[in-house]
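# Observations on the three-dimensional arrangement
Below are the chains, spelled out letter by letter.
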Amino acid sequence: MTAPAHPAPSARRLRTRAALLAVLGEHGALSRAEISRLTGLSRSAVSSAVTDLIDEGLAGETTATATTGRGRRAAAVTLRRAHALVLAFDFGHTHVTAAVADTTGAVLGEATAHLDVDNHPREVLAAARTLADRALAAAGHPLDAIAAVAAGIPGALDTRTNVVRAPSTLSQWIGMDPAAELGRLFDRPVTVGNDAEMGARGERAHSGGHAVNDLIYVKASTGIGAGLLLDGRIYRGASGISGEIGHIQLPDTGTWCRCGNRGCLESVASIVEVRRRLAHVLAPGARPDDDVDLPPLGELAGTPAAARVIGEAGRTIGRVLADLVNCLNPAAIVIGGELGLAGAPLINGIRESVDRYAQPAVAEAVEIRASRLGLRSELYGAVDAAVAAAVGPD
Ligand SMILES: [Zn+2]
């Protein structure tokens, strides 16, 4: 395991730093006394945190000036937005990507490794550190330039405790606090969310100038989960485990799911199941256990039999999404994850079910499309979360 280059920061220091970044991001220029009043932190705690931020090039401070009439105008502390860089991670089930980005969201350097994320959390955290170093080297910046860190993880995170609670995925991560672990590695404030939530953030950040306030991002891969952007805010639910649409039961389906129920959406429409059916159609002689080499999903739209299989998966997912559309009246549903790469046959199938099962007025209000970010929505969402932590939401 790679030894951390920084000593473990105290939790208090991280909280102080995060509080300063948040309050400066929200208010702009503030005197040290105002920061102290707004955060409730002592003057000495504020003073040492301001000194740290200035030393790292993340903040500047004007000199105190004499004013006419009543004494001096206090020095004002401001964030240097252009100088702040962030570190973002996308943890999948079989890969980890680290990216260094600036506060406009532009990725300056990144690095990826393929490994078994679910079963080896310690190795994965060690790899995160190595990948961060590679991404920083690619970007040409030292770790000291990083203001905040964010990560998306492929499992359920209890926002009341910050620990992983995933009975059927990330079983070796249960009880871990990924934000604290990453905080120890990088000595920075860390934001962690589930991958679908990060996907929704990524789609919002890259919506091409069309402000979207009500969006459902569906990560359709090995599992199927939804990130909910409602009324302009990410909706996490009471304990952070909203959007588990992969375990909504379908009528007339008896397939066992890894969660122990039968008939869950992801037991019949996950990428694993779609690939199994495609192998059956495209390699008819193959036995169920044979490893059939399939072309990329995006190239199969022109193969009628394959397009039928993908369309059927789309209609099945659309059956569940129709209920969400009835319930939440979103402006957009964006399909990401590996299945999202299937494109038109999948989207047309989803559209068909939403039009069939959702109320006409809400069905016609929703745009349904594949992600334009390929498999990068989650990474861009983590960049967005880290930028928000570093300089405050815009
Ligand atoms: Zn299930």
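To keep things clear, this report deals only with the structure shown in the data block. (Residues numbered from 1 in each chain as written. Predicted model: local features only at pLDDT ≥ 70, side-chain atom pairs only at ≥ 80, totals over all residues. Heavy atoms only, no water.)

Strand order in the open sheet formed by five strands is β14-β13-β12-β15-β16, and the pairing between neighbours is mixed. Each edge of the sheet is formed by a strand with only one pairing partner; in this case those strands are β14 (233-235) and β16 (367-370). Taken over all neighbouring pairs, the strand axes of this sheet differ in orientation by 20° on average, direction set aside. In this sheet, strand β13 (residues 224-230) lies alongside strand β12 (residues 215-220) in antiparallel orientation, the contact comprising six bridges. Pairing of I216 across the sheet is with L228, part of β13. Contacts between helix α11 (residues 344-357) and the sheet are confined to β15 (332-336) and β16, with β16 contributing the most and set at about 160° to the helix. (Pairing = 2+ DSSP bridges. Helix = DSSP H or I, 4+ residues; strand = E, 2+ residues; numbered from the N terminus. Axes fitted to C-alpha atoms, helices over the stretch in contact; angles between N-to-C directions. Contact = heavy atoms within 4.5 Å.)

Attention now moves to the coordination of the zinc ion. Protein-derived coordination of the zinc ion comes from H247 (ND1), C257 (SG), C259 (SG) and C264 (SG), at a distance range of 2.0 to 2.3 Å. In this structure, the zinc ion is coordinated by four donor atoms arranged in tetrahedral fashion, with angles at the metal of 106 to 121°. Mapped onto the sequence, the residues coordinating the zinc ion show the spacing H-x9-C-x1-C-x4-C. Of this pair, H247 sits in the loop between β14 and α7 (265-269) while C259 sits in the loop between β14 and α7, placing them twelve residues apart in sequence. (Donors = N, O, S within 2.8 Å, 3.2 Å for Na, K, Ca; no water. Tetrahedral: all angles 85-135°; square planar, octahedral: opposite > 155°, others 65-115°.)

On to the packing of aromatic side chains. Each aromatic ring pair is summarised here by two numbers: the centre-to-centre distance and the angle between the ring planes. Within this structure, the stated rule accounts for three aromatic pairs. Judged by centre distance (5.7 Å) and plane angle (35°), the rings of F89 and F186 are tilted. Here F89, found in strand β5 (residues 85-91), pairs with F186, found in helix α5 (residues 178-186); they are 97 residues apart in sequence, far enough to count as distant. Both residues of the pair, F89 and F186, count as buried. Three or more aromatic residues joined by ring pairs make a cluster, and in this case those are F89, F91, W173 and F186. Across from the ring centre of Y357, 4.1 Å away, lies the NZ or CZ of R319, which sits over that ring. (Phe/Tyr/Trp six-rings, centres within 6.5 Å; stacked < 30°, edge-to-face > 60°. Buried < 20%, exposed > 50% of the residue type's maximum accessible area, 1.4 Å probe, protein only. Lys NZ or Arg CZ within 6 Å of the ring centre and 35° of its normal.)

Spatial relationships are all this shows, so hold off on functional conclusions.
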